[in-house]
Amino acid sequence: MKPSLRPSFTRPWPCIASNFSTFFFQLPTPLTHARNITQIRHRHIHSSPSPPPPPQLASSPPPLLPLFLRPPEYTTTVSDLLEWHSWAKSLAASIGSSFEDSDNGPDSTLLCRELNWLMEDVLDGSDPSLMHKAVARDDPDTIISLKADVQELYSLWKQRIDERRPFQYIVGCQHWRDLILCVREGVLIPRPETEIIVELVGDVISKDEGLREGLWADLGTGSGAIAIGIAKILGNYGRVIATDLNPVAVQVASFNVERYSLQDKIEVREGSWWEPLKGVEGKVAGLVSNPPYIPSDDISGLQAEVGRHEPRLALDGGAEGMDDLLHLCNGAASMLKPGGFFAFETNGEKQCKFLVDYMQNQLPGSFCNVNTVSDFAGILRFVTGFRNR
Amino acid sequence: MKVSMAIQSLRKSLLHRTAYLGNSPSISSFLKFSEFAVSARPRLTVTSNATLKWRTGERKCRWGDFCSSNSAHNKALGSCFYSNGVSASSNHNGSSYLELTDEELMKQCEMGTFKASGPGGQHRNKRESAVRIKHIPTGIIAQAVEDRSQHKNRASALLRLRTLLALKVRNAVNLEAYSPPKELLQILPLKSTVRGSDCGPQIGPHNPKFMLGVQALLDLLSALEGSVSDAAKLLGLSTGALSRLILSDDSLRLAANELRASKGMKPLK
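Since we're looking at a predicted model, the values are computed, not measured.

*Asks:* Is there a simple way to think about the overall build of chain A in this case?
*Replies:* Broken down by element type, chain A carries 16 helices and 11 strands. Across the 389 residues of chain A, 62% fall into the buried class. When the accessible surface of chain A is totalled, it reaches about 14300 Å², and 50% of it is carbon and sulfur.

See the structure below:
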């Protein structure tokens, strides 16, 4: 009953992405890149003796264009689509709570919700209503257009369940704040918690016009989420530099920046932490970052979607998870202008408290109003503060 | 291939994007018909287009410890963007809640997501973008789970909160010198004899202003002990015309019938 699987394939970006299409195509497998970079980074910053093992590769190359941006160039009958949907749903149902029990992964309920979102992305704009009408009329032979071949949908959902490939990599995007950000292997999927950083910046610039008009920097930008969120709330003021060590992230962030027409406002630069900020020392109005902060020993126990598929470069913060956060704290004072604001995401209460203590006792006089902020689940998540005037 | 079964299952998942409304806690002084708030089964749900439906509890939601129990959290959030403006309750009545901007209304609310299981942040990819907001002055809770983004779920939850405030919070009405407020006149059919020509075309359920009229209508019904015919007289309509208006919107019909049931009257059909 289940059609045979064939590997997913790639096709050109539509004209919206013409400038960036070449980027995505010329890249070798992004995970190979990430591995090399991890080695470089560990030499530079952590002096870690052995590089981490490479993340497990997906069995077929990931489709490079996010589903929702693809042209609806495939057609199928409602009954074929429903047959896939019903197969996918029973596969999701068969999981029960086994992923949740083994590594706190998604349960069937969440997987079924993801299946609905996949349907949203794969149906062309007007076709959901066509679909509803066909369903209401009980007319399974209605032809509808899709953004992926039905065969590819089988393959994608199999990857989701069998390989635990993250849903966001399957559809190629993450809904974050009011944005839809393209993501792919090699780039950290922005988390809901991180949305708060943009709110914190919004609060600060509403009280200080000087900061609103200044230069902001998002270090380790990944998909460009925080930089784009900040650029949008800055409105007609200020500008943003977004940096990342990983060229895949630089390209994905650039693509997202361009998709939101923010290329005049956000400059994406490649390089490690302070390196791409040479020339603006002491001039930065605000510094934000969601750096890698998971202790190295915890990486192997991560939820499969995260540990097997997301870039270790963006997760592993060294032995205590603090290597990059301390690097950021140490450099922030010389990078920020007097009165400048910083906000960093951390692993939780322990790191937050350590950093507050560190800044007060090891970097006395550098910062003021150093504070911790919780995420919406009530976990202390962010450290914020200002450079002394 | 059982297409019809698959169609059924898809219809369920695509057509019913619903979210539960939580139980309403103890502050019931605003709630004339608090049984509306106290959850019975089947539970009351609000769909995305803000109509109320009864629905058996087929989807399980895990709402854990709400973040209000964490004082550090509240303090931190209070200092930045979502403060808990309890003080508003003393000088606000229901209609003025609806006049608040989203930002002002949010300041009277606590917001939480799922209970944290594990360290969260980079550790986790479970798309737990569900949002639950609690309106402190009234204790009304609205939730949204169906969207992928926390941002959109928050907006949906806030919209649902506005609907619930209109439906649940009753304001006193002076029947001695009653004159229908403009919001109410605007939702009445044009044949109403008290409706002036300056009210413009009739506002329907898809207009966000409709809920303001619904609130005023429910206030009047409540003051008249649920009597549709008495309300119709004050609104320059026949009893049948007002009944049709009430029955035209699911949320209004359910709220009106709850109100009538609490006064020992038969439901409108």
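After presenting the structure, the write-up continues.
*Asks:* Looking at this model, I keep getting lost on the overall build of chain B. Mind explaining?
*Replies:* When its secondary structure is counted, chain B shows 10 helices and six strands. Within chain B, the fraction of its 269 residues that count as buried is 54%. Taking the intrachain contacts of chain B between residues at least 6 apart in sequence as the baseline, contacts between residues at least 24 apart amount to 62%.

*Asks:* Would you mind going over the packing of helix α5 (residues 108–122) of chain A against helix α7 (residues 150–162) of chain A with me for this structure?
*Replies:* Angle between the axes and distance between the axes: these two values describe a pair of packed helices. Residues and elements named next belong to chain A. Taken N-terminus to C-terminus, the directions of α5 and α7 make an angle of 150°; their axes are 12 Å apart at the nearest point. Here α5 is positioned roughly antiparallel relative to α7, judged by the angle of their axes. Crossing geometry of α5 relative to α7 is assigned as right-handed. On the side of α5, the interface is formed by Leu111, Glu114, Leu115, Leu118 and Val122, while α7 contributes Leu153, Trp157, Arg160 and Ile161. Of the residues belonging to the contact of α5 with α7, the class tally is seven nonpolar, no polar and two charged.

*Asks:* Mind showing me how you'd approach the sheet that holds strand β4 (residues 109–112) of chain B here?
*Replies:* Sheet strands pair via backbone hydrogen bonds, and the direction of the pair is either parallel or antiparallel. All names here are of chain B. Pairing within the open sheet is antiparallel, and its three strands lie in the order β4-β5-β6. Bordering the open sheet on either side are β4 and β6 (140–144), each of which pairs with just one other strand. Direction aside, neighbouring strands of the sheet carry axes that sit 20° apart on average. Two elements, β4 and strand β5 (residues 131–135), share four bridges in a ladder whose sense is antiparallel. By the bridge assignment, Cys109 is partnered in β5 with His135. Packing of helix α5 (residues 150–168) onto the sheet brings it into contact with β4, β5 and β6, and relative to β6 it is tilted by some 145°.

*Asks:* Would you take a moment to explain helix α15 (residues 323–335) of chain A for this structure?
*Replies:* Every α-helix carries 3.6 residues per turn, so stepping three or four residues along brings you back to the same face. Here α15 of chain A is 13 residues long and its end C-alpha atoms lie 18 Å apart, about the 18 Å a rise of 1.5 Å per residue gives. Where α15 of chain A is concerned, the buried positions are Asp324, Leu325, Leu328, Cys329, Gly331, Ala332, Ala333 and Met335 of chain A.

*Asks:* When you look at the sheet that holds strand β9 (residues 336–345) of chain A in this model, what are you seeing that I'm missing?
*Replies:* All names here are of chain A. Spatially, the seven strands line up as an open sheet ordered β7-β6-β5-β8-β9-β11-β10, and their pairing is mixed. Here the strands that pair on one side only, and so sit at the sheet edges, are β7 (266–270) and β10 (367–374). When the angles between neighbouring strand axes are averaged without regard to direction, this sheet yields 15°. For β9 and strand β11 (residues 380–387), the ladder comprises five bridges, and the chain directions are antiparallel. Looking at β11, one finds that Phe344 is bridged to Val383. Each of β5 (215–219), β6 (239–244), β7 and β8 (284–289) touches helix α11 (residues 225–234); the most contacted strand, β6, lies at about 180° to it. Relative to the sheet, helix α16 (residues 349–361) contacts β9, β10 and β11, its axis offset from that of β11 by approximately 20°.

*Asks:* It is not clear to me how the side chain of Lys147 of chain A should be interpreted in this structure. Could you clarify?
*Replies:* Relative to the helices and strands, Lys147 of chain A resides in the loop between β2 (143–146) and α7. For Lys147 of chain A, the side chain forms a polar contact with the main-chain oxygen of Phe68 of chain A, separated by 3.0 Å.

*Asks:* Before we go on, may I ask you to explain unusual backbone geometry in this structure?
*Replies:* All names here are of chain A. Look at Asn104: it is not a glycine, yet its phi comes out positive at around 65°. Relative to the helices and strands, Asn104 is located in the loop between α4 (98–103) and α5. Backbone geometry at Arg164 places phi at a positive 60°, although glycine is not the residue there. Secondary-structure assignment places Arg164 in the loop between α7 and α8 (167–171). The class of Arg164 is buried, set by a relative accessible area of 4%.

*Asks:* What's the story with the packing of helix α3 (residues 78–95) of chain A against α7 of chain A in this structure? I'm lost.
*Replies:* All names here are of chain A. It is the contact of α3 with α7, at a shortest axis distance of 10 Å, that shows an interaxial angle of 5°. Overall, the two elements α3 and α7 adopt an arrangement that is roughly parallel. Together, Asp80, Leu81, Glu83, Trp84, Trp87, Ala88, Leu91, Ala92 and Ile95 of α3 and Val150, Leu153, Tyr154, Trp157, Lys158 and Ile161 of α7 make up the contact between the two elements. Across the contact of α3 with α7, the residue classes tally to 12 nonpolar, no polar and three charged.

*Asks:* Sorry, what's going on with the confidence of the model for chain A here?
*Replies:* If pLDDT is low for a region, its predicted coordinates should not be looked at in detail. Here chain A averages 85 in pLDDT, and 83% of its residues register 70 or above. The low-confidence segment residues 1–63 of chain A, where pLDDT is below 50, has 114 contacts with residues more than four positions distant or belonging to other chains.

*Asks:* Looking at this structure, I do not really get the packing of aromatic side chains. What am I missing?
*Replies:* Geometrically, a pair of aromatic rings is defined through the distance of the ring centres and the angle of the planes. All names here are of chain A. Counting across every chain of the model gives seven aromatic pairs over all chains. For the ring pair Trp87 and Tyr154, a centre distance of 4.7 Å and an interplane angle of 45° mean the geometry is tilted. You can see Trp87 sitting in helix α3 and its partner Tyr154 sitting in helix α7, a full 67 residues away along the chain. The same class applies to Trp87 and to Tyr154, which are both buried. Measuring from ring centre to ring centre gives 6.3 Å for Phe354 and Tyr358, while their planes differ by 15°; the resulting arrangement is stacked.

*Asks:* Would you take a moment to explain the nonpolar core for this structure?
*Replies:* In summary, soluble globular proteins display a tendency toward joint burial of nonpolar side chains. Judged by nonpolar contacts, the single largest core of 81 residues is most densely connected at Trp216 and Ile266 of chain A together with Ile133, Leu161, Leu218, Leu242 and Ile246 of chain B. Considering each element in turn, this core owes the most residues, eight residues, to helix α7 (residues 210–223) of chain B. Ignoring sequence-local partners within four residues, the contact set of Trp216 of chain A consists of Val201, Ile205, Leu211, Ile230, Leu234, Arg239, Val240, Ile241, Ala285, Gly286, Leu287 and Phe341 of chain A. Of all hydrophobic cores here, the second largest spans 39 residues; its members include Phe68, Tyr74, Leu153 and Leu156 of chain A.

*Asks:* Hey, could you run me through the pairing of β5 of chain A in this one?
*Replies:* Sheet faces and side chains relate simply in a regular strand, where the side chains alternate between the two faces. Residues and elements named next belong to chain A. Burial analysis of β5 places five of its five residues in the buried class, which makes it a mostly covered element. Burial along β5 is two-sided: Leu215, Ala217 and Leu219 facing one way and Trp216 and Asp218 facing the other are all buried. As judged from the five bridges shared by β5 and β8, these two strands associate in the parallel manner. Bridge pairing in β8 places Asp218 opposite Val288. Handedness of the β5-α11-β6 crossover: right-handed.

*Asks:* Looking at this structure, I do not really get the pairing of β6 of chain A. What am I missing?
*Replies:* All names here are of chain A. Here β6 lies mainly inside the structure; five of its six residues are buried. Here β5 runs beside β6; their pairing, made up of five bridges, is parallel. From the neighbouring strand, Trp216 faces β6, where its bridge partner is Val240. After leaving β6, the chain enters helix α12 (residues 247–259) and then returns to the sheet as β7, a path that is right-handed.

*Asks:* I keep staring at the pattern of salt bridges and nothing clicks. Help me out?
*Replies:* Any two side chains of opposite charge can pair, given that their charged atoms come close. All names here are of chain B. Using the criterion set out here, one finds 25 salt bridges over all chains in the structure. Among the salt bridges present, the one from Arg162 reaches Asp102, with a minimum N-O distance of 2.9 Å. Taken as a pair, Arg162 in helix α5 and Asp102 in helix α4 (residues 102–107) lie far apart in primary sequence, 60 residues in all. Looking at Arg162, the relative accessible area reads 16%, which means it is buried. In this structure, Lys263 engages Glu225 in a salt bridge whose closest nitrogen and oxygen atoms are separated by 3.9 Å. With Lys263 in the segment after α10 (250–262) and Glu225 in the loop between α7 and α8 (228–234), this residue pair connects regions lying 38 residues apart in the sequence.

Parameters at a glance
Residues numbered from 1 in each chain as written. Chains lettered and ligands numbered in written order. Predicted model: local features only at pLDDT ≥ 70, side-chain atom pairs only at ≥ 80, totals over all residues. Heavy atoms only, no water. Helix = DSSP H or I, 4+ residues; strand = E, 2+ residues; numbered from the N terminus. Buried < 20%, exposed > 50% of the residue type's maximum accessible area, 1.4 Å probe, protein only. Areas by Shrake-Rupley, 256 points an atom, 1.4 Å probe, with all protein chains shown as cover. Contact = heavy atoms within 4.5 Å. Axes fitted to C-alpha atoms, helices over the stretch in contact; angles between N-to-C directions. Parallel < 35°, antiparallel > 145°, perpendicular 65-115°, else oblique. Left-handed = near helix turned anticlockwise from the far one by under 90°. Nonpolar A, V, L, I, M, F, W, Y, C, P; charged D, E, K, R; others polar. Pairing = 2+ DSSP bridges. Expected span 1.5 Å × (residues − 1). Polar contact = N/O pair within 3.5 Å; in protein donor to acceptor, adjacent residues only side chain to side chain. pLDDT = per-residue confidence, 0-100. Phe/Tyr/Trp six-rings, centres within 6.5 Å; stacked < 30°, edge-to-face > 60°. Core = buried A, V, L, I, M, F, W, Y, C linked by side-chain atoms within 4.5 Å. Right-handed = clockwise from strand over helix to strand, strands pointing away. Salt bridge = Lys/Arg side-chain N within 4 Å of Asp/Glu carboxyl O.

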